[in-house]
Amino acid sequence: ARLVVLVSGSGTNLQALLDARAGQPAPDYEIVAVGADRGGIAGLERAERAGIPTYVCRVRDFATREEWDAALAGETAAHAPDLVVSAGFMKIVGPRFLELFGGRLINTHPALLPSFPGAHGVRDALAYGAKVTGCTVHFVDDGVDTGPVIAQRAVEVLDADYTDGGAALHERIKEVERRLLVEVVERLARDGCTFEGPDMRRVRLGH
Ligand code: GRF
């Protein structure tokens, strides 16, 4: 499967997807491009080191959000992806992007959705006093972190986590998240998925 990965920061989820392919004779997926909403980030350097084409679409370079959304969709479509993976991409894509990639666009989020959606899932779980949090890989729909859940994994919250604003907790979540994302991408690339259940939200990986 042809993958485009969208990043906004350090790109360690992207790196996990790159590392999982290394050394595989017939990998289930290939990362054909990496897109970002800003330049000068480690995620883009990781792509460049791997010889993967990159593109940057900054919101501020466009007169309207809709034009940014259309440009991001166009740049992404140019690489003819089978699956688009938002891996730490910190912008909400719009109608044009969803029109082109809805249903084959997934996101990874560092909390157990529907708890703690949005840009501060780790901090919000700590602030709430949650004892267990974790990560979620889900299909992106027109909401914020509201699409059908594909996979989740739990991570314990420790007393020590309250002393550093969630940095250690987010690192522990990211270790789990990277493995979960690779597992989900490999299964989707290899076997696809089916939606089951009366409201068509229950995702079954593979046939
Ligand atoms: C990940 O935990 C992702 O879920 C969240 O931001 C983090 C990005 O990490 N949105 P990286 O850029 O993949 O290292």
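As a reminder, the structure under discussion sits directly above these lines.
Residues numbered from 1 in each chain as written. Predicted model: local features only at pLDDT ≥ 70, side-chain atom pairs only at ≥ 80, totals over all residues. Heavy atoms only, no water.

Undergrad: Now, about the overall build of the chain: what can you tell me, with residues and values included?
TA: A count of helices and strands for the chain gives six helices and nine strands. Compactness check: the chain gives a C-alpha radius of gyration of 17 Å against a globular reference of 17 Å for 207 residues, within 12% of the reference. If one aligns the C-alpha atoms of the chain with their principal axes, the spans along those axes are about 45 × 40 × 40 Å. Evaluated residue by residue, the chain yields a buried proportion of 46% over its 207 residues. Sequence-distant contacts in the chain: of pairs separated by 6 or more residues, those separated by 24 or more amount to 59%. (Helix = DSSP H or I, 4+ residues; strand = E, 2+ residues; numbered from the N terminus. Rg over C-alpha atoms; globule rule 2.2 N^0.38 Å. Buried < 20%, exposed > 50% of the residue type's maximum accessible area, 1.4 Å probe, protein only. Contact = heavy atoms within 4.5 Å.)

Undergrad: Account for the site of the ligand, naming residues and giving values.
TA: Not every one of the 14 residues close to the ligand is listed here, only the nearest: S10, G11, T12, H170 and E177. Measuring from an oxygen atom of the ligand, one finds a side-chain N or O atom of S10 at 2.5 Å. Here G11 contributes a backbone N or O atom positioned 2.8 Å from an oxygen atom of the ligand. Compared with its free state, where it exposes 360 Å², the ligand has 90% of that area covered by protein. According to the grid-proximity analysis, the pocket containing the ligand is the largest pocket. (Near = heavy atom within 4 Å. Polar contact = N/O pair within 3.5 Å; in protein donor to acceptor, adjacent residues only side chain to side chain. Areas by Shrake-Rupley, 256 points an atom, 1.4 Å probe, with all protein chains shown as cover. 1 Å grid on protein atoms, 1.4 Å probe; cavity = no way out; pocket = protein on both sides within 12 Å on 5 of 7 lines; lining within 4 Å. Sits in = over half its atoms within 2 Å of the grid points.)

Undergrad: Please set out the pairing of strand β1 (residues 2–7) residue by residue, giving values where relevant.
TA: In terms of residue burial, β1 counts as a mostly covered element, since five of its six residues are buried. Where β1 and strand β2 (residues 30–36) come together, six bridges link them in parallel fashion. Note on β2: the bridge partner recorded for L3 is I31. As a crossover connection, the stretch from β1 through helix α1 (residues 12–21) into β2 is right-handed. Sheet topology note: the β1/strand β4 (residues 83–86) ladder contains four bridges and is parallel. Paired with V4 across the two strands is V84, which belongs to β4. (Pairing = 2+ DSSP bridges. Right-handed = clockwise from strand over helix to strand, strands pointing away.)

Undergrad: How would you summarise helix α3 (residues 65–77) if you had to cite specific residues and measurements?
TA: Compared with the 18 Å implied by 1.5 Å per residue over 13 residues, the 18 Å span of α3 between its first and last C-alpha is a close match. Regarding α3, the residues found buried are W68, D69, L72, A73 and T76. Along the axis of α3, the buried residues cluster in a sector spanning 135 degrees; they form a single face. (Expected span 1.5 Å × (residues − 1). Arc of directions from axis to C-beta.)

Undergrad: Could you give an account of unusual backbone geometry, naming the residues involved and the relevant values?
TA: Following L113, the chain continues into P114 via a peptide bond in cis, with omega recorded as 10 degrees. With respect to the element layout, P114 can be found in the loop between β5 (105–109) and α5 (121–128). If you check the backbone angles, A80 has positive phi at about 45 degrees while not being a glycine. Tracing the backbone shows A80 in the loop between α3 and β4. For A80, a relative accessible area of 43% gives the class partly exposed. Even without glycine at this site, D145 takes up a positive phi of about 60 degrees. Mapped onto the elements, D145 comes out in the loop between β6 (132–139) and β7 (149–156). Residue D145 is classed as buried on the basis of its relative accessible area, which comes to 15%.

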